[in-house]
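Structural description and commentary
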Amino acid sequence: MGFDQYHEPPGELSQDIRTFARMITSLIEEAEAISWYEQRMSVEKDKAAKAIMANAQKEEFKHFGMNLEFLLRKKKAWRAELEGILFKDGDIVALAGKAEKKVD
Ligand SMILES: [Fe+2]
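Here's what I pulled together on the structure shown here. Keep in mind that what you see is a predicted model, and the values were worked out from it rather than measured. (Residues numbered from 1 in each chain as written. Predicted model: local features only at pLDDT ≥ 70, side-chain atom pairs only at ≥ 80, totals over all residues. Heavy atoms only, no water.)

When helices and strands are tallied, the chain shows four helices and zero strands. Put simply, the chain runs from its N terminus to its C terminus through helices and strands in the order α-α-α-α. Scaling as 2.2 N^0.38, a compact globule of 104 residues should have a C-alpha radius of gyration of about 13 Å, whereas the chain reaches 17 Å, well beyond that. With the principal axes as the frame, the chain shows a C-alpha extent of 50 × 40 × 20 Å. Here the chain holds 104 residues, and 22% of them are scored as buried. Across the chain, contacts joining residues at least 24 apart in sequence account for 38% of those joining residues at least 6 apart. When the 17 positive and 19 negative side-chain charges of the chain are each reduced to one mean point, those points stand 5 Å apart. (Helix = DSSP H or I, 4+ residues; strand = E, 2+ residues; numbered from the N terminus. Rg over C-alpha atoms; globule rule 2.2 N^0.38 Å. Buried < 20%, exposed > 50% of the residue type's maximum accessible area, 1.4 Å probe, protein only. Contact = heavy atoms within 4.5 Å. Lys, Arg positive; Asp, Glu negative; His and termini not counted. Charge placed at Lys NZ, Arg CZ, Asp CG, Glu CD.)

Tracing the chain through its elements places A31 in helix 1 (residues 15-43). Residue A31 is classed as partly exposed on the basis of its relative accessible area of 33%. As a C-alpha pair, A31 and F61 span 30 residues in sequence and 8.1 Å in three-dimensional space.

One non-glycine residue with positive phi stands out, namely F87, at about 60°. With respect to the element layout, F87 can be found in the loop between helix 3 (76-83) and helix 4 (92-103). F87 sits in the exposed class, given a relative accessible area of 86%.

Below you can see the structure in the form of structure tokens.
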């Protein structure tokens, strides 16, 4: 098990910050798993195997969402930024620009 998620001496970090760093690492791992399943499914020829991979990827969506929600509850500015971008139609870059102005 690596300790690469810390960029500062772990002993100097509070428990909350260490938990935050662990959850960021988990978020990254869930995103990687989503990508790996996407890639596997794109090359898999066996329908049953592909269906199992799709089911497993769905679990990773849920894990990613739980990790993200945990982090957003801890970091209000992050939540505020994403509230202007996520689950909206329209140009993503334009939405991000508007969200940034609201948060400032
Ligand atoms: Fe997962």
